[in-house]
2 protein chains.
Amino acid sequence: MHIDLSVRLTNQTPVYPGDPAVRVKPVTNIEQDGFQDHLVTLATHVGTHIDAPSHMISGGHNLDAYPVERFVGRGVYIDVRQGYNLADIRKLGLKAGDIVIFHTGMIERYEKTDYFEKFTPIPAEVAHYLVERQVSLVGMDMCGPDYPPFPIHKILLGGDVLIIENLTNLDRLAGRTFTITALPLRLDVDAAPARVIATIL
Amino acid sequence: MHIDLSVRLTNQTPVYPGDPAVRVKPVTNIEQDGFQDHLVTLATHVGTHIDAPSHMISGGHNLDAYPVERFVGRGVYIDVRQGYNLADIRKLGLKAGDIVIFHTGMIERYEKTDYFEKFTPIPAEVAHYLVERQVSLVGMDMCGPDYPPFPIHKILLGGDVLIIENLTNLDRLAGRTFTITALPLRLDVDAAPARVIATIL
């Protein structure tokens, strides 16, 4: 069984303050042209997407520097709706290549402005621990791991841990054994929109 | 082991004649803004992408009508570089949910105009057979299954077989046992760019 952890991309998809809106518009139609086609305009950090080091780190890798092996791995679900506890996280046996999923519950407020403005950042000690364990990616159902000037982004991306933002449906992962497949568009820039699924084992 | 079957999306990515070019442009930079971000403009049928029925069929399903289960399945590699042979294809034991991969070799000419203008269409009898077997998707390393007015597209999409176009690296699948994971952006229109991987078993 596969679970879709990705949000829809539409003209109504919420975007980070200051980012351009998503635009999906028809450019042909079946009656006149014989086929339907659309033109899509979107920022690299909209919806469910993966951040690469070059988003925050001068000279850091772009996303296409990573082979697809990096985007598939054992998923480790961590419920942080009541907060982060490093001692508990240490007990999970995180290992290189794991994909850590923080369930914050914030995505329930995706349509509200406080989604982008009132969330609990990932503690620095937790970010350092993920880097130490060499996990492949850390995903979350919130808009990002921290606020400007983005110290947690920089710990993670500087430590070669990629970040998946704006996940959904994480409640369906509690208590499950699963792998994550998080496939970004093959754009060689600072990030790319992605389709992310969990495969229940 | 995973193999990336997706082409890169850049300002140089070839597009179907008449389609708008891909545009990837920076909108912020680390020095001035503290982070790097890009704006991407692309048609739904550019690069490696998946066609939904509404591309060609009035009233047909958009892509987001399909749960992610549809995008993962047993891969069946078929070498058609010397042509299509329905009798041989019948021997492969295709079953519902399979993802058929036609290796045409055309992607080697992706940068040339004849890529879009001189290819061998999928024969109608083969398309009808794929529909009969209820395969989930048919993928190919060429720009599409046929020329205007697109009779083969209509057989496949009308029969609920989705189409993956502009795959690459298919030579690496010959003789392998693999699954395909073909994840499109979660756009609810006629098609979406996708990242497609093969997982070698």
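What you see is a predicted model; the values in this text were computed from it and never measured. (Residues numbered from 1 in each chain as written. Chains lettered and ligands numbered in written order. Predicted model: local features only at pLDDT ≥ 70, side-chain atom pairs only at ≥ 80, totals over all residues. Heavy atoms only, no water.)

### Some words on the sheet that holds strand β3 (residues 37-43) of chain B
We count it as follows: Pairing between strands requires that DSSP locate at least two bridges from one strand to the other. A run of H or I in DSSP becomes a helix once it reaches four residues, and a run of E becomes a strand once it reaches two; helices and strands are each numbered from the N terminus. Axis definition: a line fit to C-alpha positions, over the contact stretch in the case of helices; interaxial angles, taken between N-to-C directions, run 0 to 180 degrees.
With antiparallel pairing, the 4 strands of this open sheet are ordered in space as β2(A)-β3(A)-β3(B)-β2(B). Two strands bound the open sheet, and with one partner strand each, they are β2 (23-28) of chain A together with β2 (23-28) of chain B. Across the sheet, the mean angle separating the axes of adjacent strands is 15 degrees when strand polarity is ignored. Of the strand pairs in this sheet, strand β3 (residues 37-43) of chain A and β3(B) are connected by 5 bridges, and their pairing is antiparallel. Across the sheet, the residue bridging to Ala43(A) is Leu39(B), located in β3(B).

### Some details on the packing of aromatic side chains
Stated formally: Here a pair means two rings of Phe, Tyr or Trp (six-membered ring of Trp) with centres within 6.5 Å. Their orientation is stacked below 30 degrees between planes, edge-to-face above 60, and tilted elsewhere. Buried residues are those whose accessible area, probed at 1.4 Å on protein chains only, stays under 20% of the maximum for their type, while exposed residues exceed 50% and partly exposed ones sit between those limits.
If you walk through the whole model with that rule in mind, you get 12 aromatic pairs over all chains. Taken together, a centroid distance of 4.9 Å and an interplanar angle of 70 degrees make the contact between Tyr110(B) and Tyr115(B) edge-to-face. For the residue pair Tyr110(B) and Tyr115(B), the accessibility class agrees, reading buried in each case. Ring centres of Tyr115(B) and Phe116(B) lie 4.9 Å apart, and the angle between their planes is 90 degrees; on these two criteria the pair is classed as edge-to-face. Using a relative accessible area of 0% as the deciding quantity, one classes Tyr115(B) as buried. Of the residues examined, Phe116(B) reaches a relative accessible area of 11% and is grouped as buried. Among the aromatic residues, ring-to-ring pairing joins Tyr16(A), Tyr110(A), Tyr115(A) and Phe116(A) into one connected group.

### A word on the pairing of strand β7 (residues 137-140) of chain B
All names here are of chain B. How we decide: We call a crossover right-handed when, viewed with the strands running away from us, the connection from the first strand over the helix to the second turns clockwise.
Because side chains alternate across β7, one face comprises the buried residues Leu137 and Gly139, and the other comprises Val138 and Met140, equally buried. Sheet topology note: the strand β6 (residues 99-103)/β7 ladder contains 4 bridges and is parallel. Paired with Val100 across the two strands is Val138, which belongs to β7. Summarising the sheet, β7 and strand β8 (residues 162-165) pair through 3 bridges and their orientation is parallel. Bridge pairing links Leu137 to Leu162 in β8. Each parallel crossover has a hand, and the one from β7 via helix α5 (residues 151-158) to β8 is right-handed.

### Let's talk about the pattern of salt bridges
Once their charged atoms are close, side chains differing in charge can pair, the charge on each being opposite to the other. Test applied: We count a salt bridge whenever a side-chain nitrogen from Lys or Arg sits within 4 Å of a carboxyl oxygen from Asp or Glu.
According to the stated counting rule, one finds 22 salt bridges over all chains in the structure shown. Measuring nitrogen to oxygen at the nearest pair gives 3.9 Å for the salt bridge that ties Asp64(B) to Arg195(A). Pair noted here: Asp64(B) is in the loop between β4 (49-51) and β5 (72-79) and Arg195(A) is in strand β10 (residues 191-200), and the two residues belong to different chains. No difference in accessibility class separates Asp64(B) from Arg195(A), as the two residues are buried. Salt-bridge contacts for Lys91(B) lead to Asp88(B); the nearest nitrogen and oxygen are separated by 3.5 Å. Residue classification places Lys91(B) among the exposed residues on the basis of a relative accessible area of 66%. Salt bridges linked by common partners bring Asp4(A), Arg8(A), Arg195(A), Asp64(B) and Arg186(B) together as one network.

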